[in-house]
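These are the residues of each chain, in order.
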Amino acid sequence: MTTRAPRRDSVENRAGILDAARATLATDPRASIDVIARSAGLSRRTLYGHFDDREALIRELISVGAQRFNAIAESVIDADSRIALARLAARLWQEAAHVQVAAALALDEAHVQHTADALAPLRRTVAALARRGQEDGSFRTDLSASTLARLIEEVARTVVSRTDASSTGAADLAVRTLLSIAGLSWREADELLSAHPDIVESQEVSA
């Protein structure tokens, strides 16, 4: 038995709903399903044909966003653990900054488990990077690799939800904060970023 591909208009409606939800939630994080439907130019009934309720819509936003975050994790291939963490932080920040309210929704307590599951590939990358950094002497070793990876995740979560993405130097702050948690002093972070200005500068320009 073959599975029929979704109709083109159905696919386009679903994509339009997700785009409208991102834009609407950026203005009003508590926006109702009716407001999101109107923003998408669709009826509430049509929206419910794609998503059972508001939570299902938000979970889909999280899943789609997670795919982009996971792809970013795969793109960072620097051999130097410090540079890899800095570049990963900068690229993730750039992506999160563009959809900061939606990212904050993904990271709130109500969606922690769904977010954690969706971001499993990224979390594995961070865990592996923490181990590698400890093994090559780049990162702090007073904590286990798993604890260090968890700290990096939690601090990144706080930075995304508490930092104004439009503020000057936001990307630089995000990168330096995670390097600090990994064990680099502010002088070491400064030397690293001065030697590799493209890590942060490219994010600030495109933000």
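A. Broad picture of the pattern of salt bridges. Counted according to the given criterion, the structure contains 13 salt bridges. The salt bridge involving Arg87 is made with Asp78; its shortest N-O contact spans 2.8 Å. Asp78 carries the same exposure label as Arg87, and that label is buried. Across the pair Asp142 and Arg140 runs a salt bridge whose closest N-O atoms are separated by 2.8 Å. Judged by its relative accessible area of 55%, Asp142 falls in the exposed class. Overlapping salt bridges bring together Asp78, Arg87 and Asp198 as one network.

B. Quick peek at the confidence of the model for the chain. On average, residues of the chain carry a pLDDT of 86, and 87% of them reach 70 or more. By mean pLDDT, helix H6 (residues 100–107) is the weakest element of the chain at 62, and helix H11 (residues 186–195) is the strongest at 97.

C. Structural view of helix H9 (residues 145–162). Under the 1.5 Å per step criterion, the end-to-end length of H9 is 26 Å for 18 residues, consistent within 8% with the ideal 26 Å. Ala145, Leu148, Ala149, Ile152, Val155, Arg157, Val159 and Val160 are the residues of H9 that are buried.

Criteria and cut-off values
Residues numbered from 1 in each chain as written. Predicted model: local features only at pLDDT ≥ 70, side-chain atom pairs only at ≥ 80, totals over all residues. Heavy atoms only, no water. Salt bridge = Lys/Arg side-chain N within 4 Å of Asp/Glu carboxyl O. Buried < 20%, exposed > 50% of the residue type's maximum accessible area, 1.4 Å probe, protein only. pLDDT = per-residue confidence, 0-100. Helix = DSSP H or I, 4+ residues; strand = E, 2+ residues; numbered from the N terminus. Expected span 1.5 Å × (residues − 1).

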